[in-house]
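Next come the chains, spelled out residue by residue.
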Number of protein chains: 4
Amino acid sequence: MSSKNIVVEQLQQQLIETHSVEFVERKGLGHPDYIADSLSEELSLELCKEYKKRFGIILHHNVDKVLLVGGHSLPAFGGGEILSPIYIVMSGRATNEVNINGKWESIPVGRLAIESAKGWIKNNLRYLDTERHLIVDHKIGKGSMDLICNFDYKSGKACSNDTSFGVGYAPWDTLEKLVYDTERFVNSKHIRKNLPEVGEDVKVMGLRSGKEIKLTIAAAMISKLIPDMSHYLSVKSDLKNAIEDHVTKKCEMPVEVYLNNADMLDQEIVYITVTGTSAEMGDDGETGRGNRSNGLITPQRPMSLEAAAGKNPVSHVGKIYNVMAQLIANKIAELKGVDEAYVKIVSQIGRPIDDPHMANIQLVLENGASLTTQLNGEINGIVNSEFDNVGRVTDLILEKKVTLF
Amino acid sequence: MSSKNIVVEQLQQQLIETHSVEFVERKGLGHPDYIADSLSEELSLELCKEYKKRFGIILHHNVDKVLLVGGHSLPAFGGGEILSPIYIVMSGRATNEVNINGKWESIPVGRLAIESAKGWIKNNLRYLDTERHLIVDHKIGKGSMDLICNFDYKSGKACSNDTSFGVGYAPWDTLEKLVYDTERFVNSKHIRKNLPEVGEDVKVMGLRSGKEIKLTIAAAMISKLIPDMSHYLSVKSDLKNAIEDHVTKKCEMPVEVYLNNADMLDQEIVYITVTGTSAEMGDDGETGRGNRSNGLITPQRPMSLEAAAGKNPVSHVGKIYNVMAQLIANKIAELKGVDEAYVKIVSQIGRPIDDPHMANIQLVLENGASLTTQLNGEINGIVNSEFDNVGRVTDLILEKKVTLF
Amino acid sequence: MSSKNIVVEQLQQQLIETHSVEFVERKGLGHPDYIADSLSEELSLELCKEYKKRFGIILHHNVDKVLLVGGHSLPAFGGGEILSPIYIVMSGRATNEVNINGKWESIPVGRLAIESAKGWIKNNLRYLDTERHLIVDHKIGKGSMDLICNFDYKSGKACSNDTSFGVGYAPWDTLEKLVYDTERFVNSKHIRKNLPEVGEDVKVMGLRSGKEIKLTIAAAMISKLIPDMSHYLSVKSDLKNAIEDHVTKKCEMPVEVYLNNADMLDQEIVYITVTGTSAEMGDDGETGRGNRSNGLITPQRPMSLEAAAGKNPVSHVGKIYNVMAQLIANKIAELKGVDEAYVKIVSQIGRPIDDPHMANIQLVLENGASLTTQLNGEINGIVNSEFDNVGRVTDLILEKKVTLF
Amino acid sequence: MSSKNIVVEQLQQQLIETHSVEFVERKGLGHPDYIADSLSEELSLELCKEYKKRFGIILHHNVDKVLLVGGHSLPAFGGGEILSPIYIVMSGRATNEVNINGKWESIPVGRLAIESAKGWIKNNLRYLDTERHLIVDHKIGKGSMDLICNFDYKSGKACSNDTSFGVGYAPWDTLEKLVYDTERFVNSKHIRKNLPEVGEDVKVMGLRSGKEIKLTIAAAMISKLIPDMSHYLSVKSDLKNAIEDHVTKKCEMPVEVYLNNADMLDQEIVYITVTGTSAEMGDDGETGRGNRSNGLITPQRPMSLEAAAGKNPVSHVGKIYNVMAQLIANKIAELKGVDEAYVKIVSQIGRPIDDPHMANIQLVLENGASLTTQLNGEINGIVNSEFDNVGRVTDLILEKKVTLF
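What counts, and where the lines are drawn
Chains are numbered independently. Their residues run from 1 in the order of the written sequence. Lettering for chains starts from A, numbering for ligands starts from 1, and both go in the order in which the items are written. Thresholds applied to this predicted model are a pLDDT of at least 70 for local features of residues and 80 or more for the giving and counting of side-chain atom pairs; totals over whole chains, interfaces and linings are not thresholded and use all residues. Only hydrogens and water are removed before side-chain values are computed, so all heavy atoms of the structure are retained for them. Fitting of the copies onto one another was done by least squares over C-alpha atoms, counting residues only where both copies have pLDDT of at least 70. We call two residues contacting when some pair of their heavy atoms lies within 4.5 Å. A pair of strands is labelled paired if DSSP reports no fewer than 2 bridges between them. Numbering of helices and strands starts at the N terminus; helices are DSSP runs of H or I of at least 4 residues and strands are runs of E of at least 2. All axes here are fitted lines through C-alpha atoms, helices being fitted over the stretch that makes contact, and every angle between N-to-C directions spans 0 to 180 degrees. Summed over both partners, the accessible surface that disappears when two parts come together, traced with a 1.4 Å probe, is what is meant by buried area. For salt bridges, the criterion is a side-chain nitrogen of Lys or Arg within 4 Å of an Asp or Glu carboxyl oxygen. Pairs of N or O atoms within 3.5 Å make up the polar contacts considered here, provided that, within protein, one atom can donate a hydrogen while the other can accept it, and that residues adjacent in sequence are counted only when both atoms are side-chain atoms. Each residue is assigned to one of three groups, with Ala, Val, Leu, Ile, Met, Phe, Trp, Tyr, Cys and Pro labelled nonpolar, Asp, Glu, Lys and Arg labelled charged, and all others, Gly among them, labelled polar. Throughout, exposure labels follow a simple rule: accessible area from a 1.4 Å probe, protein chains only, divided by the maximum for the residue type, with under 20% read as buried, over 50% as exposed, and the rest as partly exposed. pLDDT is a per-residue confidence score from the predictor, ranging from 0 to 100.

**Student:** What is the right way to read the relation of the copies chain B and chain A from this model?
**Tutor:** Mapping chain B onto chain A calls for a rotation angle of 180° and an axial translation of 0.0 Å; the resulting RMSD is 0.0 Å. On this basis, the relationship between the two copies can be described by a two-fold rotation axis. In terms of proximity to the rotation axis, the leading residue of chain B is Gln 13 of chain B, whose C-alpha is 1.9 Å off the axis. Comparing interface residues between copies, 100% of those in chain B also lie at the interface in chain A; the contact surface is shared.

**Student:** Hey, could you run me through the sheet that holds strand β18 (residues 338-346) of chain D in this one?
**Tutor:** The pairing of strands in a sheet happens through backbone hydrogen bonds and is either parallel or antiparallel. All names here are of chain D. Judged by pairing direction, the sheet is mixed, and its four strands sit side by side in the order β1-β19-β18-β12 without closing on themselves. Only two strands of the sheet have a single partner each, and these edge strands are β1 (6-10) and β12 (165-170). Sheet twist, expressed as the mean angle between neighbouring strand axes with direction ignored, is 15°. Bridge analysis of β12 against β18 gives six bridges, and the strand direction is antiparallel. Bridge pairing links Gly 166 to Ile 345 in β18. In this fold helix α7 (residues 317-333) packs onto β12, β18 and β19 (358-365), with an angle of close to 25° to the strand it touches most, β12.

**Student:** What am I meant to see in the interface of chain B and chain A here?
**Tutor:** How big an interface is tends to be stated in terms of accessible area lost as the parts join. On the side of chain A, 68 residues touch chain B, which itself brings 68 residues to the contact. Carbon and sulfur atoms make up 60% of the area that chain B and chain A hide from each other, which totals about 5700 Å². In this structure, Arg 93 of chain A and Asp 283 of chain B form a salt bridge, with 3.8 Å as the shortest nitrogen-oxygen distance. The interface formed by chain B and chain A holds 18 residue pairs in polar contact (both at pLDDT 80 or more) in total. The class makeup of the residues in the side of chain B that touches chain A is 25 nonpolar, 24 polar and 19 charged.

**Student:** So what exactly am I meant to see when it comes to the pairing of strand β2 (residues 21-27) of chain D here?
**Tutor:** Regular strands place their side chains on alternate faces of the sheet. Residue and element names in this part refer to chain D. In terms of residue burial, β2 counts as a mostly covered element, since seven of its seven residues are buried. Burial along β2 is two-sided: the residues Val 21, Phe 23, Glu 25 and Lys 27 and Glu 22, Val 24 and Arg 26 are all buried. Bridge analysis of β2 against strand β13 (residues 198-209) gives seven bridges, and the strand direction is antiparallel. Of the residues in β13, the one forming a bridge with Lys 27 is Lys 203.

**Student:** Is there a simple way to explain the confidence of the model for chain A in this structure?
**Tutor:** Residues shown with low pLDDT carry predicted positions that ought not to be read at fine detail. All names here are of chain A. When the pLDDT values of chain A are averaged, the result is 93; 96% of them are 70 or greater. The model gives residues 144-155 a pLDDT under 50, and that stretch makes 22 contacts with residues more than four places away or in other chains. With a pTM of 0.95, the predicted complex shows an ipTM of 0.94.

**Student:** Sorry if this is basic, but what is going on with the interface of chain C and chain D here?
**Tutor:** Taken together, the contact pairs 68 residues of chain C with 68 residues of chain D. With both chains or domains summed, chain C and chain D bury close to 5700 Å², and 60% of this area falls on carbon and sulfur atoms. Linking chain C with chain D are eight salt bridges, by the criterion used here. There are 18 residue pairs in polar contact (both at pLDDT 80 or more) connecting chain C and chain D. Its residues assigned to classes, the side of chain C that touches chain D shows 25 nonpolar, 24 polar and 19 charged.

**Student:** Help me understand the pairing of strand β19 (residues 358-365) of chain B, please; the structure alone is not making it clear to me.
**Tutor:** All names here are of chain B. Along β19, eight of the eight residues are buried, which leaves the element largely enclosed by surrounding structure. Burial along β19 is two-sided: Met 358, Asn 360, Gln 362 and Val 364 and Ala 359, Ile 361, Leu 363 and Leu 365, pointing in opposite directions, are all buried. Examined bridge by bridge, strand β1 (residues 6-10) and β19 share five bridges and lie parallel to one another. Its bridge partner being in β19, Ile 6 is matched across the sheet by Ala 359. Direction of pairing for strand β18 (residues 338-346) relative to β19: antiparallel, over a ladder of eight bridges. Looking at β19, one finds that Ala 341 is bridged to Leu 363.

Below you can see the structure in the form of structure tokens.
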């Protein structure tokens, strides 16, 4: 309800879509980096739930450092086996002891770490057996006391834990929508039902050159469900066709689809896996190394290097301000005359989370338009109002209503 | 000496320096993410040396996944102690057995992993005792056979190991230069000699607002060298003055310096450490989570998400193309009429490394200028010539002549 | 079928039962050391199965080094929870790659390690949830080549892998039978059905003083099944009564039973656990630290320090000779006139397993009897015949027909 | 100065030396199990020192679970290298936080674990480089509260932490003395100086058959110091001669010495190592798996299965009573008429450490002698007096004046 440090400006620049070349990438559900992000975030959510249940508030934690070390496997048509399990170490810090009126209460951080990790995998990776293909270890330390101080327990109002920033933009352009949508399509119920052979590890790289798009897709196949090479080729062809049909409906530009392009049929090298993820064959993953908080990797757009996954959603600006910047950008992009909106928010350590050090709004306006006082006012209104309800970001995260990676 | 797929275009957009707000960050020498990057890269360099010594060529490896789990410490004026050591796990993959004429030769990957890690720390972090404050473990698997195939041993010409991209730009603007330079100054021999109390973990966040710059610097101090609070305050004040003097000489814009802004003197909370890095107190680090391959984090510039550190410098486009894009951008930016050059290079898996899928050059030209045939030709010449000498990138990396993080 | 190096002698000494004092101990099913032994042995058995399935023979392995690091728990009447999981690291060595006609075949040692461990726990510890309460890691190296040479593949006849010895004796005396039997009774189906609250971690210490026996028994109770203190006391009393009834039937000497003697009711300290094993609360375990290969710890009897669990049953004399010594002692003890038989067998590295360096048989004979030529001949016959069928020991182990710990 | 529960009895049995066959083993300084025992004990000693320095008393700890996982090496004449380091995990429990007048003080358990381990190795294994050949990790939990209660802080008098027993005997016979002495000789300064090629990993197995002794000795050689096979053979021959000379002086029975009997010269298989310990080549070790608390493995003598190493020397009967039993046996064996003395001491959990549940003394007396009232009285005096000074055992352990393994 106070007025924030807001700087709004008009940028004189071309829309991204008018650049001759554009790259966009998305690492999908079963990609090792996506798994690492997911496990960080799941543990954070479990901790939030546990803290709230026990103490009514969310205590300090930051578990944004999961390392997945790839296993060793021998996929084979009609079967295959895991030789050495995938190894995952959950790391970071979380408050594990709370002093309430002189009595110490313990929080089962270690157990939650392994439980939440296995829970996510069970729910998302059909063929990765958490008992037989996986080791989940943890190295999670106690939260340090001065970070804990960042919570103002009386007001429930948190302070920034760091000097950091969040960025967001809107709207997505054609390629961005297409790349995101394609991965979601390959991992959709529809494909799962009709082509169960398609595993969860899907990576989509999109390249727009002028008005033409090339999608390079790597999709791990489940060896057990594929009796032989001809079945593999048929699944690959069916999936390619399904994707082509789908993108044709979604996208007006011509799209070429390349699927499992590293296959070398003459050497019988094809992309089959026992578990549906390349993590079984030595591909490692780490939290924060995959998609940005909007779900994409977009070199031509502003990006934050912060991992949103695993950070606590109350005081960690690396998480909250990235989500916030996206929400604000979405609203501003809907304002009349705004073609593209870029939002950057910077925090200052110790400052209340609802009072950013600066919020910078950059606009690419419709041809010939300029930043009017009215538009400026609307934007200031949006920003102020979002920050006055900063707690809503926490809620959206807890309810899994926002994309984080 | 063939012609590559090169797309050159002129961008109609403002220079970054005309934006009202700009953020730049650099994580310095002793930051946990910087340590992780360094250990990945050191191991890669050691492996390269070992492979070349034994086999004359560099074999496949990718050790771009180091996890550093923070320790537990009790810093105190005039002393302090480490309660629990920092734990580092070196991970990734490397060829560890080579079949030469039917005889297997073993490469000491495990030993090199711990040796190289400790070696770097000894050389760079004065107060982190590798025997007493540190556990270095490793989980490095064997290279998989089809990746090994990417090397064409006869021609010595490597193929792209992945579909990925590299980005680069030039020149740096005022804020970028200032942030980079400030960290280098705080970690310079000059400061080390005059203010040995200043530790290696230095993080610099720069914010430009219009024509004014604020630098927020966190610099860990060495508790053993600081007998009491008044000494701390004096070192802090001396360092702040030295930085202010330095930046005044380097930068024409007014610069405000904030040093260790989270100190709360009334509660005696100051930024002292036993070892000079926050890793001792629970701050974790991971390869690829810190600076981009030019040494900075720059949300308003194109960035690649690939970690350059730890990848092999022969076939890993995530490393080579990031360096290459930077080298090309530097050369193009020197051409007459070019104000800003942005370079993106995309690979295709299996394609020779000197033949990128596409190289996209975007130019912001001087006021009123446009992309002439001659300029286009010069740029094509630069790009073609750099790719014809792609091996030079490998050499520069091996000789540590390029920044990678 | 050759004659072995056998030394038979008569000992002039009292029967153990005539000593005034005797101690015997047995660590039961859920004891951390028993778990470690079990996991070593289960993995060995799984490896044997896998090797035989793939290659027709059992290949070299030695996985007799499992470490169990206790967890952290908060047992509570009617519930309780695990705060930090139990951590188990399976270690040792096993052949994981076999060259067959120039092609390498991989054995899934890592996966078998975690699978077999969890399998045993699932089948034996009702309340230890392998998904939520446990981390199973492994550090199993490759078998070294010269040890592999100890198998003579053509004849199928193995050679001793080490200079080591095995010991055995028979018959058991009253206290030994009682201690063993008591643990088996507490972990019997009968008790499981009637007193499901009694957990698997049962330790029995027997002390005979003259003709009186004291059994000190520690039995972990399952907190979830015990709503309150009065229920605990009732279960404890029921179990004590059941044990007393049982031992009265089995044993002619008077037996006093002490159950959970460390309980301090005034401080509400009782022996309850979430999982039925003290491993949840910080008690560690290691292979080879619990019962000897006959299932008991008997300081007044000859004992071997070798861990039988986890060693391969084809060439590891530390396992085979301990079982063999026991089998021979059992047979000799049945000969007329023999009161106690003690058997020691020593190997020499590289010597065929069926040709021991020496077998020493010591006899305590019936009052007034002496070692006749006939008795000597019978004993030589037994020893020779057992060694001629040394493969039977391997079979008994593979069929789980002998006690190993 | 109360009277203890002491049972003294005369045994009618032959002296061990009259048995026709006898085995004795000693695992020497560099053996993996000896290393594990040493690291457990060193950490315990460091903890004792730290606790006493800070709090004036020794706090609860039990670190008797060290696991050493063997490395991977390529020894070669004149050099050789470590491919993968030895991995050691220090485990157990130790009090790491102490509440003093409402303020918590932290003890650097983790750091002491790795420091003490490396310190011991540096001082004892000349060629094992703690920086390059070794990973020392730790998994040491907090001491549980009810065990901590076993210390009666006011009186300084501890109570038994467990129901357990200790055993001891005296005197050693010829073979026992010879085996112990031979290992000590091979690891003596004399040999170190004259034959520096001899590594620290020495295992001695003694077999007495009638009046003849065979010593089978395995001694790792240092590959770097041995340029070729002929040098190896010369060192082996010199060492064998030196041992033969030495044992001839020490022992009246004829002794045959077998050194490195597994060498197969035709296949160039000899016992050389880079570091002087077989731990480098995959031999694992665990605390408590090697020598008993008198330094030997003696199957024909009473043995305790407890690991003395790593237990706290104030309340852990598994350590204290084993030492105590040995001390008492030594004194009794010197009494006139006593040929062999066997001592067993059993504790009861919660009972003061100076008041054992029972001390059982068994005597083999000189031919024709019997247990007189006077002898009985002298023995009772010895036992009572030793227990009245039970604190001396703690001191002897802290001063490293007793053998523990």
